[in-house]
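An overview of the molecular structure
What follows is each chain in one-letter form.
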Amino acid sequence: MYRNDNRTVVTLDAGGTFFRFTAIQGNKPVSQTVEYPSEAKNLEKCLQNLLKGFEDVFAQLPEKPTAISFAFPGPADYPNGIFPTRLTNFPAFADGIALGPFLKERFNLPVFINNDADLFTYGEALAGALPDINRKLAETGSPKQYKNLIGFILGTGFGFGLTTNNNMYIGDNCCSEMYCLPHKTEPELIVEEGVSQRAILNHYKKHANDTNAQDYTDSYDIYRIADGTLAGDQAAAKQAFATFGEIAGYAIAHAACMLDGIIVLGGGVSKGSKFYMPALLKELRSTVSTRSGITLPKVPSYVYNLDDETEFQQFAKGDVREFTIPGTAKKVYCDSQKRLGITVSHLGTSVATSIGAYSFALHSIDNQ
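Below, the structure is looked at part by part. Computed from a predicted model, the values in this text were never measured in an experiment.

**Remarks on the environment of glycine 123**
- Residue position: glycine 123 is located in helix α3 (residues 116-127).
- Judged by relative accessible area, glycine 123 falls into the buried class, the value being 0%.
- Other than its neighbours up to four places away in sequence, glycine 123 contacts Gly128, Leu347, Ala352, Ile355 and Gly356.

Below, the structure written as structure tokens:
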């Protein structure tokens with residue numbers, strides 16, 4: 001949408017360890033990335049590093065940017081840029097902070113702050129997965145086009161976002177989430193305990209025959225064991241990802257039922273799709289029953305793996321049928337197959353989030 005726009009927006013990738021700043025113009029970086037420690041436990045140092053990072057990027061630009069726009073972990077009143085309660089990853093904000101107004105006062109610029117999963121989904125909807133899929137469908141001759149994108153970040157936690165008709169869904173309380181759904185096999189737990197990096201690590205440590213199991217701190221280690229590039233219990237590593245996929249599929253099925261859109265996965269764990277996708281798809285394609293014994297699909301629309309070329313061709317083909325208009329000889333056509341697709345990020349999570357932040361700022365300014 002903003003690929004050829006000449007306005008510049010400064011963005012921030014805000015992690016609990018580092019802040020990474022850059023400037024975006026026309027959906028592309030136009031500055032060097034600047035990095036500072038986030039100082040998540042010290043409010044004064046945290047704010048100082050935020051200011052220094054933005055100032056360093058401003059100094060690289062030929063003119064003042066149009067806005068500041070970035071993702072920051074919540075909970076938050078995102079439209080007003082206020083974090084009223086303690087944040088898990090930022091103890092420095094224990095008493096709450098009006099971060100957006102603080103930056104607006106300092107730089108005299110519009111400031112937009114949003115949830116990372118929301119911005120990731122927005123970026124993929126405008127410049128990544130959704131337009132790529134629609135373009136590929138058009139190239140096959142399919143009249144089918146999709147307008148809704150459901151995004152999930154599979155990483156430290158289980159983030160959720162929704163974009164519909166090029167508009168990012170925020171919710172009345174900025175609290176549209178899925179991490180708190182019940183876990184499939186342990187319903188007293190939240191689903192995030194089964195769909196996160198720690199879930200993969202915990203599963204491996206519990207079930208692996210590996211003397212080094214307790215030393216691993218990153219789910220990528222478990223991925224390498226599953227892939228055979230790191231010594232360990234390969235079967236247990238593969239099962240850790242399969243269990244992750246099953247529990248993720250259980251939650252994602254709820255979203256697919258209610259929201260009826262293409263599904264895109266991002267985050268560090270999403271890259272291990274070859275190990276979790278079969279179990280995830282099995283869950284999405286499973287069935288449920290009525291009391292009278294009627295069997296129904298758990299997700300009313302069949303979900304295709306769009307990263308598999310054979311499945312994409314089936315997805316594109318659909319089931320076009322011819323109908324005669326009663327009382328006439330005229331023919332009309334209808335694609336009668338209800339279908340959705342799932343894919344892994346086309347842009348990369350960080351790039352998609354930055355483009356989402358950039359696009360959201362310009363969209364908000366243009367519609368004020």
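**Observations regarding the sheet that holds strand β16 (residues 339-344)**
- Here six strands make up an open sheet; going across it, the order is β9-β8-β7-β10-β16-β13 and the pairing mixed. Every interior strand has two partners, whereas the edge strands, β9 (167-168) and β13 (302-305), have only one.
- One ladder, built from seven bridges, connects strand β7 (residues 148-154) with strand β8 (residues 158-164); its direction is antiparallel. Paired with leucine 149 across the bridge in β8 is threonine 163.
- Docked against the sheet, α3 engages β7, β8, β9 and β10 (262-266), running at close to 45° with respect to β8.

**Section: the nonpolar core**
- Residues Phe152, Ile222 and Leu265 are the most contacted members of the largest nonpolar core, which totals 63 residues.
- The element contributing the most residues to this core is helix α7 (residues 234-259), with twelve residues.
- One finds Leu51, Phe83, Ile113 and Cys174 within the second-largest nonpolar core, a separate group that totals 35 residues.

**What to know about the packing of aromatic side chains**
- On inspection of all chains with the given rule, the structure shows 29 aromatic pairs.
- Between the aromatic rings of phenylalanine 112 and phenylalanine 360, the centroid separation amounts to 6.0 Å while the plane-to-plane angle is 80°, which identifies the pairing as edge-to-face. In this pair, phenylalanine 112 is assigned in strand β6 (residues 111-114) and phenylalanine 360 in helix α10 (residues 349-366), connecting sequence segments 248 residues apart. Like phenylalanine 360, phenylalanine 112 is buried.

**Concerning the pairing of strand β15 (residues 331-335)**
- Bridge count between strand β14 (residues 320-324) and β15: five bridges; the pairing is antiparallel. Bridge assignment links threonine 324 to a residue of β15, and that residue is lysine 331.
- The hairpin formed by β14 and β15 contains six residues between the paired strands, and glycine 327 there has a positive phi angle of roughly 80°.

**Things to note about helix α8 (residues 273-284)**
- Taken together, the buried positions of α8 are occupied by Phe275, Tyr276, Met277, Ala279, Leu280, Leu281, Glu283 and Leu284.
- Among the structural elements, β7, α6 (219-227), α7, β10, β13 and β16 are those in contact with the buried residues of α8.

**Overview of the environment of cysteine 257**
- Relative to the helices and strands, cysteine 257 is located in helix α7.
- When its relative accessible area of 35% is taken as the criterion, cysteine 257 is described as partly exposed.
- The sequence separation of cysteine 257 and proline 300 amounts to 43 residues, and the corresponding C-alpha distance is 6.6 Å.

**Regarding a nonpolar patch on the surface**
- A surface patch of nonpolar side chains, amounting to about 240 Å² of accessible area, comprises Val288, Ile294 and Leu296.
- Position of isoleucine 294 relative to the elements: it lies in the loop between β11 (287-289) and β12 (295-297).

**Considering the pattern of salt bridges**
- Tallied over the entire structure, the rule returns 17 salt bridges.
- The salt bridge involving arginine 106 is made with glutamate 55; its shortest N-O contact spans 3.1 Å. One end of the pair, arginine 106, is in helix α2 (residues 99-107); the other, glutamate 55, is in helix α1 (residues 43-58), and 51 residues separate them in sequence.
- Between glutamate 246 and lysine 184 there is a salt bridge, and its shortest N-O distance comes to 2.7 Å.

Calculation notes
Residues numbered from 1 in each chain as written. Predicted model: local features only at pLDDT ≥ 70, side-chain atom pairs only at ≥ 80, totals over all residues. Heavy atoms only, no water. Helix = DSSP H or I, 4+ residues; strand = E, 2+ residues; numbered from the N terminus. Buried < 20%, exposed > 50% of the residue type's maximum accessible area, 1.4 Å probe, protein only. Contact = heavy atoms within 4.5 Å. Pairing = 2+ DSSP bridges. Axes fitted to C-alpha atoms, helices over the stretch in contact; angles between N-to-C directions. Core = buried A, V, L, I, M, F, W, Y, C linked by side-chain atoms within 4.5 Å. Phe/Tyr/Trp six-rings, centres within 6.5 Å; stacked < 30°, edge-to-face > 60°. Patch = residues over 30% accessible without salt bridge, like charges linked within 9 Å, V, L, I, M, F, W, Y side chains within 5 Å. Areas by Shrake-Rupley, 256 points an atom, 1.4 Å probe, with all protein chains shown as cover. Salt bridge = Lys/Arg side-chain N within 4 Å of Asp/Glu carboxyl O.

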